[in-house]
Amino acid sequence: MAYKCSLERMSDKIKTFAQYGDAGHGGITRYSLSEASTQAREEFVRRMTAIGAKIECDDVACMYATLEGSDPNAKRIVMASHVDSVKNGGNYDGIEGVMTGMEVLETVAEQKIPHRHPLTAMIWTNEEGSLYPPAMMCSGIICHDYLPADLAKNFEYDNMMKAEPMDESPFKNFGEALAASKWKGDKANRLSPDKYLCMFETHLEQGPILEDNGNEVGAVQLVMGMFNYRVRFHGFTAHAGTFPMAKRHDALYAASAFLVKMHEEFDKIEQGIDPEFVYTTGEIYVHPCIHTCINDEAEFSLDVRHPDPAVRERVMAKLKEMAAQEWCGCTCDIEEQWVRDTVNFNKHLIGYVEESMDELGLKWQKILSGAGHDAQFCAYVIPTTMIFSRTQKGLSHCEDEHVSDEDATAAASACLNAVLKADARFEDDLAKD
Ligand SMILES: [Zn+2]
């Protein structure tokens, strides 16, 4: 029998949490460790202590609310996401996963659902990194020792504490904000493989795929691998009015020609129809950037994502081939910023999610995550998976971001039943591998 979460209670949480950091026009700005985030954390404490959950904080202010199970020696099953938002973000990114963890615990407590493992609802600190970059800062710190070295080096504890604010803040850096926060606790409370069995993160999809396919929820299989490069063009500058067109080496013109050709070539690699293959130029920089001068330097970012490393390699080979050529009389060079492997989620946990969605009679599909989440770092530490909920118009990181109360409740019910299956079967299933 499938258990169901409460639409009424989930709706109430969505309404309540939307007040904390309310920007006054439908969305929120709730930076990590801000006053608004403290209000959201206090609400979490209120609701979790009301059902008898024990609250703990770790040394980077991640919060854990735990309902004991019948076996005092069993490891915890955790459901986690974040309460912080981007500037002028919406009422779902991050907080939906926290509300899901709370709703699962509330349902278990209310319906007295038997379970052997302790169940934990968790808040990751500073996922967005909007005030104190980088994104996924605290999952990066907590999972640091388990991450590949080239990822881990971006999350050294001491460097993270020195992260300076990108917007107004009463604190000089993240470390100061953390020290002043009432949520800084004990390092011994960190999520770790000796205390935690597995992790589930529920999140809005942030794209239109579920909606386009008429599905309510998605069983996430993996987080796509990606590479991020800078592509630079070198020409020379001269006066806009006095220098003949034929003699120019205009770096912006070169970059533009390259960009158009790059789209044509990349689209040929996967015939332009593979929905999993995405690439973006989000930043562009030119020098001297004066309207009376020809630009001698132009540079743009290139973000490429696909689950299959062989496809990413073909894209990379094409990029290198193009960069070796001359463009409108300018030379080109490329520089790697970062590369991240595809992170596969645990097949048993994915199976429990899919079974639960079937049992609940939900419309669902397998789906991939193009965005990064705390779950992708956590997957290096303990078995992890994610559930996506339908995102209206595919919008996120904006005030129009929306998930219906019904869809959020459906995702929470899927999470609840998947957690109960993990509670009953996960250790046995692992032993059979
Ligand atoms: Zn998020």
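Rules used throughout
Residues numbered from 1 in each chain as written. Predicted model: local features only at pLDDT ≥ 70, side-chain atom pairs only at ≥ 80, totals over all residues. Helix = DSSP H or I, 4+ residues; strand = E, 2+ residues; numbered from the N terminus. Rg over C-alpha atoms; globule rule 2.2 N^0.38 Å. Buried ≥ 20, exposed ≤ 12 C-beta atoms within 10 Å, placed from the backbone. Arc of directions from axis to C-beta. Contact = placed C-beta atoms within 7 Å. Domains from an automatic or database assignment. Nonpolar A, V, L, I, M, F, W, Y, C, P; charged D, E, K, R; others polar. Core = buried A, V, L, I, M, F, W, Y, C linked by C-beta atoms within 7 Å. Pairing = 2+ DSSP bridges. Axes fitted to C-alpha atoms, helices over the stretch in contact; angles between N-to-C directions. Parallel < 35°, antiparallel > 145°, perpendicular 65-115°, else oblique. Left-handed = near helix turned anticlockwise from the far one by under 90°.

**Focus on the overall build of the protein chain**
Part 1 of the argument: Along the backbone of the protein chain there are 13 helices and 14 strands.
Part 2 of the argument: Whereas a compact globule of 433 residues would reach a radius of gyration of roughly 22 Å, the protein chain reaches 24 Å, a difference of no more than 12%.
Part 3 of the argument: Seen through its C-alpha atoms, the protein chain measures out along the principal axes to roughly 80 × 50 × 40 Å.
Part 4 of the argument: Taken across its 433 residues, the protein chain has 45% of its residues classed as buried.

**So, helix α1 (residues 7-17)**
At 3.6 residues per turn, the α-helix brings residues three or four places apart onto the same side.
Part 1 of the argument: Among all positions of α1, only Met10, Lys13 and Phe17 are buried. Down the axis, α1 shows its buried residues gathered within 60 degrees of arc, on one side only. Facing away from the buried side of α1 by over 90 degrees, the exposed positions are Glu8 and Lys15.
Part 2 of the argument: Buried-residue contacts for α1 involve α2 (35-50), α3 (95-110) and α13 (405-432).

**A word on the domain arrangement of the protein chain**
Part 1 of the argument: Split by domain assignment, the protein chain resolves into domain 1 (7-223 + 342-432) and domain 2 (225-340).
Part 2 of the argument: For domain 1 versus domain 2, the separation of C-alpha centres amounts to 36 Å.
Part 3 of the argument: For the side of domain 1 that touches domain 2, the class distribution of residues is three nonpolar, two polar and no charged.

**What to know about the nonpolar core**
Part 1 of the argument: Cys62, Leu105, Met122, Ile387, Cys415 and Val419 are the most contacted members of the largest nonpolar core, which totals 113 residues.
Part 2 of the argument: By residue number, the principal contributor to this core is α13, which donates twelve residues.
Part 3 of the argument: The residues that make up this core include at least three from each of domain 1 (7-223 + 342-432) and domain 2 (225-340).

**A look at the pairing of strand β10 (residues 297-306)**
Residues in a regular strand point their side chains to alternate faces of the sheet.
Part 1 of the argument: Direction of pairing for strand β7 (residues 225-234) relative to β10: antiparallel, over a ladder of ten bridges. Residue pairing for β10: His234 is matched across the bridge by Glu297.
Part 2 of the argument: For strand β8 (residues 278-280) and β10, the ladder comprises three bridges, and the chain directions are antiparallel. When the sheet's bridge partners are listed, Thr280 is paired in β10 with Asp303.
Part 3 of the argument: Two elements, strand β9 (residues 284-287) and β10, share four bridges in a ladder whose sense is antiparallel. Bridging across to β10, Tyr285 finds its partner in Glu299.

**A look at the packing of helix α11 (residues 347-359) against α13**
Part 1 of the argument: Remark: α11 packs on α13, axes separated minimally by 8 Å, with the N-to-C direction vectors making an angle of 140 degrees. By the angle between their axes, α11 is oblique relative to α13. Between α11 and α13 the crossing geometry is right-handed. The residues of α13 that touch α11, namely those facing His348, Leu349, Tyr352, Val353, Glu355, Ser356, Met357 and Glu359, are Ala414, Asn417, Ala418, Lys421, Ala422, Phe426, Asp429 and Leu430.
Part 2 of the argument: By residue class, the composition of the contact of α11 with α13 is nine nonpolar, three polar and four charged.

**A short note on the packing of α1 against α3**
Part 1 of the argument: Packing of α1 against α3 brings their axes to within 10 Å, and their N-to-C directions diverge by 140 degrees. Taken as axis vectors, α1 and α3 run oblique relative to one another. The hand of the α1/α3 crossing is right-handed. Between α1 and α3, the residues in contact are Arg9, Met10, Lys13, Ile14 and Phe17 and Ile95, Met99, Met102, Glu103 and Glu106, respectively.
Part 2 of the argument: Among the residues making up the contact of α1 with α3, the classes are represented as six nonpolar, no polar and four charged.

**Regarding unusual backbone geometry**
Part 1 of the argument: With an omega of 10 degrees, the peptide bond between Pro133 and Pro134 qualifies as cis.
Part 2 of the argument: Looking at where Pro134 falls in the secondary structure, it is placed in the loop between β4 (119-124) and α4 (137-142).
Part 3 of the argument: The phi dihedral of Leu33 falls on the positive side, at around 65 degrees, and the residue is not glycine.
Part 4 of the argument: Within the secondary structure, Leu33 sits in the loop between α1 and α2.
Part 5 of the argument: A residue is classified by how many C-beta atoms lie within 10 Å of it, and Leu33, with 26 of them, is buried.
Part 6 of the argument: Non-glycine residue Cys289 carries a positive phi angle of around 60 degrees.
Part 7 of the argument: Mapped onto the elements of the fold, Cys289 is located in the loop between β9 and β10.

**Things to note about the pairing of strand β6 (residues 217-223)**
Part 1 of the argument: By the criterion of burial, β6 is predominantly enclosed, with five of the seven residues buried.
Part 2 of the argument: Of the pairings in the sheet, the one linking β6 to strand β14 (residues 384-389) comprises four bridges and is antiparallel in character. Bridging from a neighbouring strand, Val220 pairs with Met386 of β14.
Part 3 of the argument: In terms of strand pairing, β6 meets strand β13 (residues 364-369) through five bridges, oriented parallel. Across the sheet, Gly218 pairs through a bridge with Gln365, a residue of β13.
Part 4 of the argument: Taken together, the two bridges between β6 and strand β12 (residues 343-344) define a ladder with antiparallel strand orientation. Pairing of Val223 across the sheet is with Val343, part of β12.

**Some words on the environment of Phe174**
Part 1 of the argument: For Phe174, the location among the structural elements is in helix α7 (residues 174-180).
Part 2 of the argument: Judged by the 27 C-beta atoms lying within 10 Å of it, Phe174 falls in the buried class.
Part 3 of the argument: Between the C-alpha atom of Phe174 and that of Met357, which follows or precedes it by 183 residues, the distance is 40 Å.
Part 4 of the argument: In this view, Phe174 contacts Tyr132, Met160, Met161 and Ala163; residues no more than four positions away in its chain are not counted.

**Some words on the environment of Arg190**
Part 1 of the argument: In this fold, Arg190 is placed in the loop between α7 and β5 (196-204).
Part 2 of the argument: Residue Arg190 is classed as buried on the basis of its 20 C-beta neighbours within 10 Å.
Part 3 of the argument: Considering only alpha carbons, one finds Arg190 and Val60, 130 residues apart in sequence, at a separation of 8.6 Å.
Part 4 of the argument: Among residues more than four places away in sequence, those in contact with Arg190 are Asp58 and Ile142.

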